[in-house]
Amino acid sequence: MESNKIETILEKYFRGETSIAEENALRDYFSSSNVSSNLEQYKPIFGYLTLAKKQKFKNEIVLKSRKRNLAWLSIAASVVVLLGIGTYSYFNYYNANQDQDLGTYDDPEIAFRETQKALSMLSTHLNTGIESVQYVQEYENSKNLIFKQQ
């Protein structure tokens, strides 16, 4: 082949515009013994490509399967569910037994004092609510002064 034609194909090769037939022609040219002296620098590239094409990987790759053991996962999930049910049952039973005390007293004096305490607390909270209603009433009065309703 002519050197000019090979140089043209080489330029196309380095731009990435060659076809497979042109690349085969380059490989054949550079594997032959009559390579021009100005193109000697490209000979190792194409020599390597022919050598790499002949190489085969002969070792077998052993892939370890990372199969998860689902049996252990299901056992762990079962234990978590059972612990949850057991905890719920325990606290539900414990709270049910605590609620059995209905605040009944055998001594009438103690019952009277406890009733007074409960009514005092209720009265305090009721008075707080009444004070809040008075603020709302003041707001209503102010609003009526500003926006005279007809």
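Notes on the structure follow. Quick caveat: nothing in here was measured; it's all calculated off a predicted structure. (Residues numbered from 1 in each chain as written. Predicted model: local features only at pLDDT ≥ 70, side-chain atom pairs only at ≥ 80, totals over all residues. Heavy atoms only, no water.)

The interhelical angle for the contact between helix H1 (residues 3-15) and helix H2 (residues 20-31), taken along N-to-C directions, is 125°, at an axis separation of 10 Å. Here H1 is positioned oblique relative to H2, judged by the angle of their axes. When the axes of H1 and H2 are compared, the crossing they make is left-handed. Contact with H1, carried on its side by Ser3, Ile6, Ile9, Leu10, Lys12 and Tyr13, involves Glu22, Glu23, Leu26, Tyr29 and Phe30 of H2 and no other residues of that element. (Axes fitted to C-alpha atoms, helices over the stretch in contact; angles between N-to-C directions. Helix = DSSP H or I, 4+ residues; strand = E, 2+ residues; numbered from the N terminus. Parallel < 35°, antiparallel > 145°, perpendicular 65-115°, else oblique. Left-handed = near helix turned anticlockwise from the far one by under 90°. Contact = heavy atoms within 4.5 Å.)

Residue placement: Ser36 occurs in the loop between H2 and helix H3 (43-54). A relative accessible area of 18% places Ser36 in the buried class. Those residues within four positions of Ser36 in sequence are excluded, and the remaining contacts are Ser3 and Tyr29. (Buried < 20%, exposed > 50% of the residue type's maximum accessible area, 1.4 Å probe, protein only.)

This part covers H2. For H2, with 12 residues, the first-to-last C-alpha span of 16 Å sits near the 16 Å given by 1.5 Å per residue. Taken as a whole, H2 has its buried residues at Ala25, Leu26, Arg27, Tyr29 and Phe30. (Expected span 1.5 Å × (residues − 1).)

Glancing now at the environment of Ser31. Along the chain, the position of Ser31 falls in helix H2. Residues Ser31 and Tyr48, spaced 17 residues apart in sequence, show a C-alpha to C-alpha distance of 10.0 Å.

A complete count under the given rule lists four aromatic pairs for this structure. Note on Tyr29 and Phe30: the rings are 5.2 Å apart at their centroids and 80° apart in plane angle, and the pair reads as edge-to-face. Classification of Tyr29 by relative accessible area gives buried; the value is 8%. Counting every residue linked through ring pairs, the aromatic cluster contains Tyr13, Phe14 and Tyr42. (Phe/Tyr/Trp six-rings, centres within 6.5 Å; stacked < 30°, edge-to-face > 60°.)

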